[in-house]
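Take a look at the letters that make up each chain.
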Amino acid sequence: QMEVEESGGGIVQPGGSLTLVCTISKRDRLNFLLGWFRQAPGKEREQVGAIHWNLRDTVYSDSVKGRFRIAAHAREDQEDRVTLQMNNLKPEDTAVYICAVGKGPVRLGGRWDTWGRGTQVTVST
């Protein structure tokens with residue numbers, strides 16, 4: 001079964017940038033989705049975007065469209081990665097960011113099967 005793990009979180013000032021990494025291990029297929037989610041204290045989990053690993057189609061939520069970019073990186077002899085590049089960060093982007101594996105066409109919402117533990121992103125002066 002595929003496994004995912006997030007890294008790259010930290011503290012950044014408003015207007016700054018940060019790139020998160022979701023490392024994929026035990027990848028056993030080409031056709032799958034990798035979704036990025038976030039959860040802030042006291043708020044529901046929100047999906048910020050997703051990518052289809054094979055087709056490279058992407059989708060983003062309105063709250064991050066134009067500021068965040070998801071990219072897939074297949075690496076020979078190393079674990080594959082999906083990055084979440086975040087630009088022009090705002091205090092309201094502060095959350096635990098989590099990646100997850102799903103199936104089907106690229107989408108927001110629906111069922112996601114395998115989840116990471118998350119990495120904290122704090123946007124503050």
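The shown structure was predicted, so the numbers you read here are calculated from the model rather than taken from an experiment.

As for the environment of Leu108
Within the secondary structure, Leu108 is located in the loop between strand S9 (95–102) and strand S10 (114–115). When its relative accessible area of 41% is taken as the criterion, Leu108 is described as partly exposed. Ignoring anything within four residues of it in the chain, the contact list for Leu108 reads Gln47, Gly49, Val59, Tyr60 and Ser61.

A look at the packing of aromatic side chains
Given two aromatic rings, their pairing is described by the distance between the two centres and the angle made by the two planes. Within this structure, the stated rule accounts for three aromatic pairs. Seen from their ring centres, Phe32 and Trp53 are 5.6 Å apart, and the 15 degrees between their planes marks the pair as stacked. Here Trp53 lies in the loop between strand S5 (46–52) and strand S6 (58–60) and Phe32 lies in the loop between strand S3 (18–25) and strand S4 (33–39), a separation of 21 residues in the sequence. Under the relative-accessibility criterion, Phe32 is labelled buried at 0%. By way of ring pairs, the aromatic residues Phe37, Trp112 and Trp115 are connected into one cluster. If you follow Arg45 out to its NZ or CZ, it ends over the ring of Phe37, 5.8 Å from the centre. Just above the ring of Trp53 sits the side chain of Arg56; from NZ or CZ to the centre is 5.0 Å.

Description of the side chain of Glu6
Tracing the chain through its elements places Glu6 in strand S1 (residues 3–7). Of the side chains bearing the opposite charge, Arg117 lies closest to the buried Glu6, which forms no salt bridge; the N-O distance is 7.6 Å. A polar side-chain atom of Glu6 sits 2.8 Å from the main-chain amide nitrogen of Gly118. The residues touching Glu6, leaving out its near neighbours within four places in the chain, are Val21, Cys22, Trp36, Tyr97, Ile98, Cys99, Gly116, Arg117, Gly118 and Thr119.

Brief notes about the pattern of salt bridges
Under the defined criterion, the tally for this structure stands at eight salt bridges. Measuring nitrogen to oxygen at the nearest pair gives 2.7 Å for the salt bridge that ties Arg29 to Asp28. Of the residues examined, Arg29 reaches a relative accessible area of 29% and is grouped as partly exposed. We note a salt bridge from Arg67 to Asp93, for which the minimum N-O separation is 2.8 Å. Separated by 26 residues along the polypeptide, Arg67 in the loop between S6 and strand S7 (68–73) and Asp93 in the loop between strand S8 (80–86) and S9 bring together distant segments of the chain. Side by side, Arg67 and Asp93 carry an identical accessibility label, which is buried. A cluster of three or more residues bridged by salt bridges with shared partners is formed by Arg38, Glu46, Arg67 and Asp93.

Brief notes about the environment of Lys43
Inspection of the secondary structure assignment puts Lys43 in the loop between S4 and S5. By relative accessible area, Lys43 is classed as exposed at 54%. For the pair formed by Lys43 and Leu30, sequence separation is 13 residues and the distance between their alpha carbons is 33 Å.

Conventions and cut-offs
Residues numbered from 1 in each chain as written. Predicted model: local features only at pLDDT ≥ 70, side-chain atom pairs only at ≥ 80, totals over all residues. Heavy atoms only, no water. Helix = DSSP H or I, 4+ residues; strand = E, 2+ residues; numbered from the N terminus. Buried < 20%, exposed > 50% of the residue type's maximum accessible area, 1.4 Å probe, protein only. Contact = heavy atoms within 4.5 Å. Phe/Tyr/Trp six-rings, centres within 6.5 Å; stacked < 30°, edge-to-face > 60°. Lys NZ or Arg CZ within 6 Å of the ring centre and 35° of its normal. Lys, Arg positive; Asp, Glu negative; His and termini not counted. Salt bridge = Lys/Arg side-chain N within 4 Å of Asp/Glu carboxyl O. Polar contact = N/O pair within 3.5 Å; in protein donor to acceptor, adjacent residues only side chain to side chain.

Read these as spatial facts, not as claims about activity.
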